[in-house]
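Overview (structure and organization)
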Amino acid sequence: MSIEEDILIQDFIKKTLSEKEKNEVLLRLKNDKNFRDKVNFEEQLIFNLNNTDWSISKNSNHPEVKEYEKLLKSDSTNLLKGTLQAVNSEYQLKQTNKNKPWLLYTGIAVVLVLFGLKVFSPFKTLPNELYANYIDLSELPSLVNRGDSKQKTLIKAQKLFETKAYDKSLTILEKEFTTVQKNKAAVYLYTGISQMELGQFNKAEISFNTLIESKLIDSPKGIWYKALLFLKQNEPSKAKKMLLQITESSSNYKYKEASEILSKL
Amino acid sequence: MIEQIHFLTCLVNNDSKGIMEIYTLIFPKVRKFILQNKGQQQDAEDIFQKALIQITVRYKREKFKINSSFEAYLFTTCKNLWRKELKRAKNRVTNSDIIELVATERDMALNIMEQKRWELFTEKLDSISENCKKALTLFFNKTPYKDIVKKMGYNSETAARQRIFKCKAKLSDQIKEDQRYNSLKTL
């Protein structure tokens, strides 16, 4: 590029050209790709290396932009956004309270009122309440195949389970747990849920882990029930981890429900 | 280096305790900068959060290297985001055309790429001779040639123009020769 052309481009960017000169440059920009590239680059130099300006891009079809856009829309980024908002609120409140001690007491009072509302309000969304809202035993697969009358013990376990006699059902299921050959996933699920309902949380976790690690077709259900187990125990952060695994793909079992719960936690 | 990895890991792992450390260490400086530059408290909070998301997402994708402290890098990212906001606000007032509203995620994706381009340009400006860097910094910040002549001790405005032309050519070559520019030139 000659110094004359450089000066012309500078004056065009600074908008100090006469109307005639400006129109000539605009015409060249339209017809001369090489000249257009020079002007674009010069603009990038000026806007990037000026302390108060900025070079704004508009090419949203750029492949890398698309890739970043996808990442920014991902569930993990949404979760980060939520955490940042929460930390920001906490930090700003701390700063305000540092300057105005009376606000600290107001803040505490507000928190206490909100806590009271959360505990006593009919609209509370405590984790164990989410558990109650989302556990749906009617959608569990059957322990036995239709017409298979040979599996009498499992039929009995299923009937006991359906009448919420979890302790009796569990006695049968725990015996079957390691030896069962057919419907393994269902046995693991019924066992885990019975243990969960009986408050045997550690055992329930082991049962669901067995299902998750079994690589059976129904093993993804283990992740969902493990998330529910943590909700029942009022352990939202552990539950979130499981729910996030589910929301990694919209084709995962209980994707919609997991997303709903995450937004409520 | 250890501090950088610590903070980046906190962000990637969504660790609220670590993120609070970042707030305590860096937010006051960002807030001060934005309040001194036509912004409000809310602007400072928004910019800070955007910058943290931007850094996290970029780090997740490319594990990029930060050449300064984490604190300095985050501050610069915030400063650049605020520069963009100010430019936009200015365009809104002066431009009578309809402004296309871009989706937040798309805008943030563009921010990441713009930051990458800015890093390349500033890195190359730092790598040329001290004299050229000084002259170009004056030039890019719209200092009149007559003032550049005085500050740099050139004989005349013509000499200043020629010197800046040569320095700019050097800088341009270095930017264009860098591999990173290939993906940034079509931005």
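Computed from a prediction, not measured in an experiment: that's the story for all the values here.

**A closer look at the overall build of chain B**
- Looking only at helices and strands, chain B has nine helices and zero strands in total.
- Listing each helix as α and each strand as β along chain B from the N terminus yields α-α-α-α-α-α-α-α-α.
- When the backbone C-alpha atoms are referred to their principal axes, chain B occupies close to 60 × 45 × 30 Å.
- Among the 187 residues that make up chain B, the fraction classed as buried is 48%.
- The contacts in chain B between residues at least 6 apart in sequence include a share of 63% that link residues at least 24 apart.
- As displayed, chain B offers around 9,900 Å² of accessible surface, 51% of which is attributable to carbon and sulfur atoms.

**Digging into the overall build of chain A**
- When its secondary structure is counted, chain A shows 14 helices and zero strands.
- Reading the secondary structure of chain A in the N-to-C direction produces α-α-α-α-α-α-α-α-α-α-α-α-α-α.
- The proportion of buried residues among the 265 residues of chain A is 40%.
- Across chain A, the fraction of contacts at a sequence separation of at least 24, relative to all contacts at a separation of at least 6, is 50%.

**Quick notes on the interface of chain B and chain A**
- Contacts between the two partners involve 57 residues from chain B and, on the opposite side, 47 residues from chain A.
- Here chain B meets chain A over a buried area of about 5,300 Å², counting both sides, of which 63% is carbon and sulfur.
- Along the contact surface separating chain B from chain A lie eight salt bridges.
- For the salt bridge of Arg 106 of chain B with Glu 69 of chain A, the shortest nitrogen-to-oxygen distance reads 3.6 Å.

**Re the pattern of salt bridges**
- The full count for this structure, using the stated rule, is 35 salt bridges over all chains.
- Across the pair Asp 107 of chain B and Lys 84 of chain B runs a salt bridge whose closest N-O atoms are separated by 3.5 Å. With Asp 107 of chain B in helix α5 (residues 104-127) and Lys 84 of chain B in helix α4 (residues 70-94), the pair connects residues that are 23 residues apart, well separated along the chain.
- Taking the relative accessible area as the measure of exposure, Lys 84 of chain B reaches 3% and is therefore buried.
- Connected through shared salt-bridge partners, Glu 64 and Glu 67 of chain A together with Arg 58, Arg 61, Glu 62, Lys 116 and Glu 119 of chain B make up one network.

**Let's talk about the environment of Asn 252 of chain A**
Residue and element names in this part refer to chain A.
- For Asn 252, the position within the fold is in the loop between α13 (236-246) and α14 (255-264).
- Taking the C-alpha atoms as reference, Asn 252 lies 26 Å from Phe 177; in sequence the two are 75 residues apart.
- A polar contact is formed between the side chain of Asn 252 and the backbone oxygen of Gln 245, at a distance of 3.3 Å.

**Quick look at the state of the cysteines**
Residues and elements named next belong to chain B.
- If you walk through the whole model with that rule in mind, you get one disulfide over all chains.
- Between the sulfur atoms of Cys 132 and its disulfide mate Cys 167 the distance is 2.1 Å. Taking the sign of the S-S torsion, -75° for the link of Cys 132 and Cys 167, the bridge is left-handed. Taken as a pair, Cys 132 in helix α6 (residues 130-140) and Cys 167 in helix α8 (residues 157-177) lie far apart in primary sequence, 35 residues in all.

**Here's the deal with the packing of α5 of chain B against α8 of chain B**
Residues and elements named next belong to chain B.
- Where α5 contacts α8, the two axes come as close as 9 Å, and the packing angle between them is 130°. When the interaxial angle is binned, α5 and α8 end up oblique. In terms of crossing hand, the pair formed by α5 and α8 is right-handed. Where α5 abuts α8, its residues Leu 120, Phe 121, Lys 124, Leu 125 and Ser 127 lie against Leu 171, Gln 174 and Ile 175.
- Residue classes in the contact of α5 with α8 are distributed as five nonpolar, two polar and one charged.

**Brief notes about the domain arrangement of chain B**
- On domain assignment, one finds that chain B holds domain 1 (1-100) and domain 2 (127-187).
- Here domain 1 of chain B and domain 2 of chain B have C-alpha centroids that lie 28 Å from each other.

**Examining a positive patch on the surface**
- Positive charge collects at one region of the surface, where Lys 15 and Lys 22 of chain A together with Lys 38, Lys 90 and Lys 142 of chain B lie side by side.
- With respect to the helices, strands and loops of the structure, Lys 15 of chain A is situated in the loop between α1 (3-13) and α2 (19-31).

**Quick notes on the nonpolar core**
- With 76 residues, the main nonpolar core has Ile 22, Tyr 23, Phe 48, Phe 70, Leu 74 and Leu 171 of chain B as its most contacted residues.
- Excluding residues within four positions of it along the chain, Phe 70 of chain B makes contact with Glu 3, Gln 4, Phe 7, Leu 8, Leu 11, Ile 22, Ile 26 and Ile 55 of chain B.
- Counting 44 residues, the second largest nonpolar core, distinct from the first, contains Tyr 134, Ile 135, Leu 228 and Ile 246 of chain A.

**Details of the side chain of Gln 195 of chain A**
- Examined against the element boundaries, Gln 195 of chain A turns out to sit in helix α10 (residues 184-197).
- With residues near it in sequence (within four places) discarded, Gln 195 of chain A still touches Leu 170, Glu 174, Gln 200, Lys 203, Ala 204 and Ser 207 of chain A.

**Considering the packing of aromatic side chains**
- A complete count under the given rule lists 17 aromatic pairs over all chains for this structure.
- Both rings, one in Phe 161 of chain A and one in Tyr 166 of chain A, keep their centres 5.3 Å apart while their planes meet at 80°; by these two values the pair is edge-to-face. Like Tyr 166 of chain A, Phe 161 of chain A is buried.
- Members of the aromatic cluster, connected to one another through ring pairs, are Tyr 91 of chain A together with Tyr 23, Phe 27 and Phe 48 of chain B.
- For the cation-ring pair, Arg 28 of chain A lies above Phe 35 of chain A, with the distance from its terminal atom to the ring centre recorded as 3.9 Å.

Calculation criteria
Residues numbered from 1 in each chain as written. Chains lettered and ligands numbered in written order. Predicted model: local features only at pLDDT ≥ 70, side-chain atom pairs only at ≥ 80, totals over all residues. Heavy atoms only, no water. Helix = DSSP H or I, 4+ residues; strand = E, 2+ residues; numbered from the N terminus. Buried < 20%, exposed > 50% of the residue type's maximum accessible area, 1.4 Å probe, protein only. Contact = heavy atoms within 4.5 Å. Areas by Shrake-Rupley, 256 points an atom, 1.4 Å probe, with all protein chains shown as cover. Buried area = accessible area lost by both parts, 1.4 Å probe. Salt bridge = Lys/Arg side-chain N within 4 Å of Asp/Glu carboxyl O. Polar contact = N/O pair within 3.5 Å; in protein donor to acceptor, adjacent residues only side chain to side chain. Disulfide = S-S within 2.5 Å. Axes fitted to C-alpha atoms, helices over the stretch in contact; angles between N-to-C directions. Parallel < 35°, antiparallel > 145°, perpendicular 65-115°, else oblique. Left-handed = near helix turned anticlockwise from the far one by under 90°. Nonpolar A, V, L, I, M, F, W, Y, C, P; charged D, E, K, R; others polar. Domains from an automatic or database assignment. Patch = residues over 30% accessible without salt bridge, like charges linked within 9 Å, V, L, I, M, F, W, Y side chains within 5 Å. Lys, Arg positive; Asp, Glu negative; His and termini not counted. Charge placed at Lys NZ, Arg CZ, Asp CG, Glu CD. Core = buried A, V, L, I, M, F, W, Y, C linked by side-chain atoms within 4.5 Å. Phe/Tyr/Trp six-rings, centres within 6.5 Å; stacked < 30°, edge-to-face > 60°. Lys NZ or Arg CZ within 6 Å of the ring centre and 35° of its normal.

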